[in-house]
Amino acid sequence: MDTSTNVRFPQEICDKFIDCSRGDMDTLRQCALTCRSWFVRSRYHLYRTAVLGQHSQLSKFVRILRSKPSPDIPTLVEELVLALEPETPTTFVDSACVILARRLPRLHRITLVRQRMSYPSTQPAVRLSIRTTCCIATFATVTRVAFVDLVLASFNEVIRVITGLPNLSVLECRRLQIERLGVISVASRMDPEDSGWLNLRTLVVTGPWDQFLGLSMLFGAVNGNMLEHLSVDSYAGANDVVHDTTPFLRQWSALETLTIEHHYSPSWPNATDDMQMTVETILGEIPCSLRTVCIDFTHSINIDDQHILSIARITSRSLDELFLRMNLRMTAVEVCVTDRVDRASWWREELKDALPRLYERGILNVVVDPPRTYID
């Protein structure tokens, strides 16, 4: 038997291997240097998301975009992440948008995130100038915008971004704090009589809603005949703001998926009660078009197993009562968890025991993610 023959894997298998390494920049760089056939796929993942946080990084990125040996690099960039540190000058966002405007023809997502921010934050607010929002609007291909761990001075800054992007379909507001409403002009289309103009398909609002001034106005602007996916977290039921939004929830007739994320914090003693209140308040107002309710524990880090099972049991009772009362016979329930590194997947049986009625009715699906080895 000749053992010296080289074994060549099909390119599709090699591509899948490279895909599994996305997010691990060191591994992707090594893959890109392996051979010519691995270079194309590796480079796609290396440049798919551009993360910029300093003027020096921005200058280097612009030089790469202008590189003559690789003129197609601008077409590889699909997501732009502007990662702000507490000491980053707020003019950085302005500069990045001005310089990169119309240089990224396939850009689909813009994320503004503030690093190392505690919540709620006492740090100075980030102010997005009119010039910044106008430059963001020049990215005509952008369909997804995310605000993550930001403190904005005014709700007007959010309005200018979403009204400037006609193709916007996904809006994520994760732990977003708004200091004041500001002067809401007629041109902003946030008047209650001009509701239903924002054609989103996915809306994500996590973090305490009482810190998000203008949230009810945003809900009122959403087109209820278009929105298909709503994602909130268990903070939503922890304040009275949720009652200001429920009239709009009843109008979202196209909603198919409701996701409730559980964000655990040791300083949050009422997590279980708030989770139950969120499920009952929000699910109780959702139209009967709902097809899936997802309880997502994958965002909780270092959470005790018994804590998850305790919340699952309470949630199970609330869901079962609501399903019977609202006659949601076709609605499925997904419970998403992250597996532990030190043992095999034990979640399925444990969660089936914690949610027995839903399991017996055949509507329970437990989704177990593999252990996290790095943060996306």
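It should be noted that the structure appears before, not after, this text.
Treat the numbers as computed from the prediction; the structure is a model and nothing was measured. (Residues numbered from 1 in each chain as written. Predicted model: local features only at pLDDT ≥ 70, side-chain atom pairs only at ≥ 80, totals over all residues. Heavy atoms only, no water.)

Student: Sorry, what's going on with the nonpolar core here?
Tutor: When a protein is soluble and globular, its nonpolar side chains tend to lie buried together. Formed by 90 residues in total, the largest nonpolar core has its most connected members in Phe147, Leu203 and Trp209. By residue number, the principal contributor to this core is helix H11 (residues 305–326), which donates seven residues. Core analysis: the second largest hydrophobic core is formed by seven residues, Ile18, Leu28, Ala32 and Trp38 among them. (Core = buried A, V, L, I, M, F, W, Y, C linked by side-chain atoms within 4.5 Å. Buried < 20%, exposed > 50% of the residue type's maximum accessible area, 1.4 Å probe, protein only. Helix = DSSP H or I, 4+ residues; strand = E, 2+ residues; numbered from the N terminus.)

Student: When you look at the packing of helix H6 (residues 130–137) against helix H7 (residues 155–163) in this model, what are you seeing that I'm missing?
Tutor: To describe two helices that pack against each other, one gives the angle between their axes and the distance between the axes. Their axes nearest at 8 Å, the elements H6 and H7 cross at an angle of 25 degrees. The pairing of H6 with H7 is recorded here as roughly parallel in orientation. Note on packing geometry: the crossing formed by H6 with H7 is right-handed. Residues Ile130, Thr133 and Ile136 of H6 lie in contact with H7, whose contacting residues are Glu157, Arg160 and Val161. Of the residues assigned to the contact of H6 with H7, the class counts are three nonpolar, one polar and two charged. (Axes fitted to C-alpha atoms, helices over the stretch in contact; angles between N-to-C directions. Parallel < 35°, antiparallel > 145°, perpendicular 65-115°, else oblique. Left-handed = near helix turned anticlockwise from the far one by under 90°. Contact = heavy atoms within 4.5 Å. Nonpolar A, V, L, I, M, F, W, Y, C, P; charged D, E, K, R; others polar.)

Student: What am I meant to see in the sheet that holds strand S8 (residues 202–206) here?
Tutor: Hydrogen bonding along the main chain pairs the strands of a sheet, whether they run parallel or antiparallel. Pairing is parallel in the open sheet, where 11 strands are placed in the order S1-S2-S3-S4-S6-S8-S9-S10-S11-S12-S13. The open sheet terminates on both sides in strands that have one partner only, identified here as strand S1 (49–52) and strand S13 (364–369). Within this sheet the neighbouring strands show an average axis-to-axis angle of 10 degrees, counted without direction. Both strand S6 (residues 170–174) and S8 contribute to a ladder of five bridges, which runs parallel. Its bridge partner lying in S8, Val170 is registered against Thr202. (Pairing = 2+ DSSP bridges.)

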